[in-house]
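Topology and contacts: notes
Each chain, letter by letter, is given below.
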Amino acid sequence: MIWNFLCKRSLLLLLIFPGFSANAQIRKITGYVQDAHSEERIPFASVQFKHTTVGALTDVNGNFSFTLNNWPSDTLIVTYVGYEDFLLPIDSTIEEMEVVIDMERKRTTEVVIKSKVGKGVIMWRRIVKNKPLNDRGRFDNYSYEIYNKLEADLNDAANNKLIKLKVLKPFREVIDQNIDSVTEEKPILPLYLTESLSDYYYQSKPRKVREVFKGVKTIGINNQSISKMLGGMYQNINVYKNFIPVFDKDFVSPISDNGSAYYHYTVPDTQTIDGRKFFHFVFSPKYEGENAFTGDAWIADSSYAVMKMTLRVPDAANLNFVEKLDMVQEYSLLNDSTWFLSKDKFVADFIFLDKNRLNFIGRKTSTYRNVIINDTTVERELMKNKLREETVMNDSVNRKSDEYWADARHEELSTSEKGIYQMIDTLMAMPSFKRFTDLLYFLGTGYKNVGNYEIGPWYNWFTINAYEGPRVRFDLGTNTGFHKKLYFTGYLAYGFADQKLKGRFQTLYLFNKSPRSTIMGSFLNDIDNGQVYYDEVGSDNLFAIALRKPNVPLRYMKIQQQRVEYFKEWLNGFSVTLNTQRRRFTPLSNLPLKDHYPAYDGGESMNSFEAGIKVRFAYLEKFLDGNFYRMSLGSSYPIVEAHYSKGIKGILRSNYNFHRVGGSISDYKKISPYGSIYYNTYAGKIYGKLPYTLLEMPPGNNIWYYNKYAFNMMTRYEYLADWYAGINVEHNIGNGLFRFIPLTRTLKFRQFWGAKVFWSGLSEENKLYNAGNNGHAFKTMDGKPYMEIGTGVDNIFKIFRVDFIWRVLPRPLPDKTFERFGIFGSFRIVF
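Residues numbered from 1 in each chain as written. Predicted model: local features only at pLDDT ≥ 70, side-chain atom pairs only at ≥ 80, totals over all residues. Heavy atoms only, no water.

This part takes up the overall build of the protein chain. Along the protein chain, the regular secondary structure elements total 12 helices and 40 strands. When each of the 831 residues of the protein chain is scored for burial, the buried share is 49%. (Helix = DSSP H or I, 4+ residues; strand = E, 2+ residues; numbered from the N terminus. Buried < 20%, exposed > 50% of the residue type's maximum accessible area, 1.4 Å probe, protein only.)

So this is what it looks like as structure tokens:
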């Protein structure tokens, strides 16, 4: 520990200068008390010599000092509510000591309630009553400069098995030089550091937010969408709100309007700081397993405003991969009565495998300066907004000099933080480190960069199915080294049973990233595996081999498709997609053959050409950008889509005229404290006499891996429709009933339920056209609903989910043509 290191230095001085010890009469000890995890100073902790009356409280910054003629006892005891007592041995031969006391929080907090309405509950009521007068949301507008610093460290680096891996041996020397073993009890290895500085503007009515980045400093990752997440727009912690987000979960705030239903409260003492009286407000969860915090706060007298609040996630909270988590929010006086946010701190210990491997510490610190309240300058800046929320980040923000950062930072970097930039620069210049990171990227994403090209994903390289037999596939694409805006990708596949070569080629040109504008062209000649979503296991990879349902007819269709698509997006979230496509279908196995459907006027059966438009509105949708593609992070508002396409007979031997129209509304909402809910409602209609390949076939699932977007108790090609409507709902409750059972509470199981309902029908014209084809009869709903409901257990071993699905409508026929119940598995990684 730090205090032990300093004591040894003092003892060395005594050995060198023995005469000094003989003549000295004064004993002195100074230091400060801090939280061992967050490293936040602890004010008003009790520091007392054991079995004596000599003692004092730390000041508002956690400092203490004693100057004595003799040591009163051989042990110093440090105590504070919610922490384990700390005993510091005193060596009587040492005259002067400088110490840092690291206080460990208690695993459980005992709270004694002497009455139903104690001092703690009365204090909570007063805080809640005054929230409208203290929450910064009460201001008409405000602005501030925000400095963010995010750091990631490998914990206990000296003993971490990850450091000792043979693949790291070529650059072990660089890593060892940067392990911080002086300022940390357990040596850490700083891995990553990024900083940002921005001006943030807010207006309450009408609500507007603007953030202008002035500087971003990072090494190794140059992604603008990630950099934006470090700004104030994503600083959504406010202790005055009823719920406080912790990753993707919402925890009940200690000063929530309904806080007394979730917390025990006490007020153990009061203190005076700069002539002002403050109450010490301590809280802990009423029930084990609730998403509630332990911690304390200092509350100003009269105004009942928060000066400082420390929040800790209890061990029993239903949160994955987090061993410890602390959040600190501090407020400062702007004038005699106005408290405003001055500092945020977030510290978390992550354990992804075990403590000896993937064990990391993440730290984020945010400080706020130059606060302006209810001023016309804020209004003028917000008048530049075209949307309610805007983030401005020019390319120049990533090119600020070291001199700029030395002057702009709100606080100086520590020695270990300064070393991170140097270490990463050194490692990035080492070819062996580049090979190591490429290997991790290949295993994690499936892709590998080779010069200006990219191969993968590796999990599509081999699979087996009944029609093709063993199938091999090789994917090749370009990366930004080839061209920063032009992207080519494709694959070739070969089945050893059908002895046919298949493949796909696609190109995309990126006109603009934000707002996005692209043009894409593709050619496909392969087995139709249905639509595959980003979080679904499709049938064209090795994971699906062992997951196929038994006794399901194996139906295969070949598709040849040429497609051209232009996409244009506007800043308001409105986008338009214009597309044309030609599709030629060839049934291969257990499906009505192409010969049954006649060709007209020189056309080709099952050959269509169509042109369409899709409009989409997703207000304030956020994205994580890649080099050419992006992933949606969702919107706080419902997402609306509508599409129309027209089939045109005669173009490229197209055989059909038809119209296709449809739309959907979807949304994901947190409904704290009852978890989250997702819904998708949709409808559509097809006009025209068409073969089944161009009609609507509701998505079924032929494997035992749960598909969020499909009907899991339905098989592919089971139903046929030319009009349809439906709704999918999933409610993730959280630990729900599992929190009342000790075993499931300890295992952190989670509860959910879902329902999928689908109405559809088929016109008489299309029934006759598609009936009795070589014994392959499709089912139709005739306006009646199909419905499946399900529930299950989520978060098994932190990654697995089991779904129990019942097919309740239509009612089963006497010959039991379908199963009514199924058990499905899936996996996902969430906090």
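This paragraph deals with the packing of aromatic side chains. Describing an aromatic ring pair means giving the distance of the ring centres and the angle of the ring planes. Overall, the coordinates contain 55 aromatic pairs when judged by the stated rule. Between F279 and Y304 the ring centres are 6.3 Å apart and the planes differ by 5°, which places this aromatic pair in the stacked class. You can see F279 sitting in strand β14 (residues 276–285) and its partner Y304 sitting in the loop between β15 (294–300) and β16 (306–312), a full 25 residues away along the chain. A connected cluster of aromatic rings, assembled from ring pairs, spans F139, Y142, Y144, Y200, Y202, F340 and Y368. Across the ring face of Y32, the terminal group of R41 is positioned such that the distance to the ring centre comes to 3.5 Å. (Phe/Tyr/Trp six-rings, centres within 6.5 Å; stacked < 30°, edge-to-face > 60°. Lys NZ or Arg CZ within 6 Å of the ring centre and 35° of its normal.)

Before going further, it helps to spend a moment on the pattern of salt bridges. Summed over the entire model, instances satisfying the criterion amount to 49 salt bridges. Linking R583 and E610 is a salt bridge whose minimum nitrogen-to-oxygen distance equals 3.0 Å. Taken together, the residues span a long stretch of sequence, with R583 in strand β29 (residues 574–589) and E610 in strand β30 (residues 607–617) at a distance of 27 residues. E610 matches R583 in its accessibility class, with the two residues each being buried. Of the charged contacts in the structure, one is a salt bridge between R584 and E604, with a shortest N-O distance of 3.0 Å. Residue R584 is located in strand β29, and its partner E604 is located in the loop between β29 and β30; the two are separated by 20 residues in the primary sequence. Residue classification places R584 among the partly exposed residues on the basis of a relative accessible area of 24%. One salt-bridge network, held together by shared partners, links D35, R105, D296, R312 and D326. (Salt bridge = Lys/Arg side-chain N within 4 Å of Asp/Glu carboxyl O.)

A few words now on the sheet that holds strand β7 (residues 96–103). Taken in spatial order, the 3 strands line up as β4-β1-β7 in an open sheet, and their pairing is mixed. Since the sheet does not close on itself, it has two edges, and those belong to β4 (63–68) and β7, each with one partner. When strand polarity is set aside, the average angle formed by the axes of neighbouring strands in this sheet is 15°. As paired elements, strand β1 (residues 27–35) and β4 share 6 bridges and run antiparallel to each other. Bridging across to β4, R27 finds its partner in L68. (Pairing = 2+ DSSP bridges. Axes fitted to C-alpha atoms, helices over the stretch in contact; angles between N-to-C directions.)

This next bit is on helix α3 (residues 119–129). Turning to α3, its buried residues are G120, V121, M123, W124, I127 and V128. Angularly, the buried residues of α3 cover 160° about the axis, an arc narrow enough to put them on a single face. Exposed residues lying more than 90 degrees from the buried face of α3 are K119 and K129. Its buried side turned inward, α3 meets α4 (131–134), β13 (263–273), β14 and β15. (Arc of directions from axis to C-beta. Contact = heavy atoms within 4.5 Å.)

Next up on the list: the sheet that holds strand β3 (residues 55–57). Sheet architecture is open: 4 strands sit in the order β3-β2-β5-β6, paired in antiparallel fashion. Strands at the two margins of the open sheet, each flanked by one partner only, are β3 and β6 (86–89). Averaged over all neighbouring strand pairs, the angle between strand axes comes to 15°, with direction disregarded. Across 4 bridges, strand β5 (residues 75–79) lies against β6 in antiparallel orientation. Note that in β6 the partner of L76 across the bridge is L88.

So, on to the nonpolar core. If you look at the biggest cluster of nonpolar residues, it comprises 78 residues, and the most contacted ones within it are I29, F281 and F293. Broken down by element, this core gets its largest block of residues, 6 residues, from strand β18 (residues 339–351). Sequence-distant contacts of I29, that is, excluding residues within four places in its chain, are made with F49, F64, S65, F66, W71, L76, L88, I90, M97 and V99. The next biggest cluster of nonpolar side chains, apart from the first, holds 21 residues, and it includes A493, I559, L694 and Y717. (Core = buried A, V, L, I, M, F, W, Y, C linked by side-chain atoms within 4.5 Å.)

Moving on to unusual backbone geometry. Following S672, the chain continues to P673 via a peptide bond in cis, the omega torsion being 5°. Checked against the element boundaries, P673 lands in the loop between β34 (658–670) and β35 (676–687). In this structure, the amide linkage connecting L809 to the following residue, P810, adopts the cis form with an omega of -5°. One can find P810 in the loop between β39 (800–809) and β40 (821–827). Even without glycine at this site, M606 takes up a positive phi of about 60°.

This paragraph deals with a nonpolar patch on the surface. On the surface, Y509, F511, I519, V564, Y566, L578, I613, Y644, V661 and Y687 cluster together into a nonpolar patch covering about 830 Å² of accessible area. Sorting the residues of the nonpolar patch by element identifies β26 (500–512) and β28 (556–569) as the ones contributing at least two each. Counting through the fold element by element, F511 comes out in strand β26. Residue F511 is classed as partly exposed on the basis of its relative accessible area of 43%. (Patch = residues over 30% accessible without salt bridge, like charges linked within 9 Å, V, L, I, M, F, W, Y side chains within 5 Å. Areas by Shrake-Rupley, 256 points an atom, 1.4 Å probe, with all protein chains shown as cover.)

Moving on: the pairing of strand β38 (residues 785–796). In the sheet, strand β37 (residues 750–761) pairs with β38 via 10 bridges, with the strands oriented antiparallel. Note that in β38 the partner of V757 across the bridge is M787. Pairing of β38 with β39, which is carried by 9 bridges, proceeds in the antiparallel orientation. Of the residues in β39, the one forming a bridge with M787 is L809.

Our focus in this paragraph is the side chain of E211. Residue placement: E211 occurs in strand β10 (residues 208–218). Put simply, E211 is tucked away with no salt bridge, and the nearest opposite charge, on K364, sits 8.9 Å away. A distance of 2.6 Å separates a polar atom in the side chain of E211 from a polar atom in the side chain of S198. (Lys, Arg positive; Asp, Glu negative; His and termini not counted. Polar contact = N/O pair within 3.5 Å; in protein donor to acceptor, adjacent residues only side chain to side chain.)

What follows deals with the confidence of the model for the protein chain. Averaged over every residue, the pLDDT of the protein chain is 85; residues scoring 70 or more account for 85%. A low-confidence stretch, residues 109–115 stays under pLDDT 50, and its non-local contacts, those more than four residues away or across chains, total 6 contacts. Long-range and interchain partners of residues 531–538, a stretch whose pLDDT sits below 50, account for 12 contacts in this model, where long-range means more than four residues apart. (pLDDT = per-residue confidence, 0-100.)

Attention shifts here to the environment of I829. With respect to the helices and strands, I829 occurs in the segment after β40. Judged by its relative accessible area of 67%, I829 is exposed. Taking the C-alpha atoms as reference, I829 lies 8.7 Å from N795; in sequence the two are 34 residues apart.

Another aspect to go through is the side chain of H731. Among the structural elements, H731 can be located in strand β36 (residues 723–734). Only 2.7 Å separates the side chain of H731 from the backbone oxygen of Y674, close enough to count as a polar contact. With near-sequence residues (within four places) excluded, H731 lies in contact with I671, Y674, S676, I677, Q751, F752 and W753.

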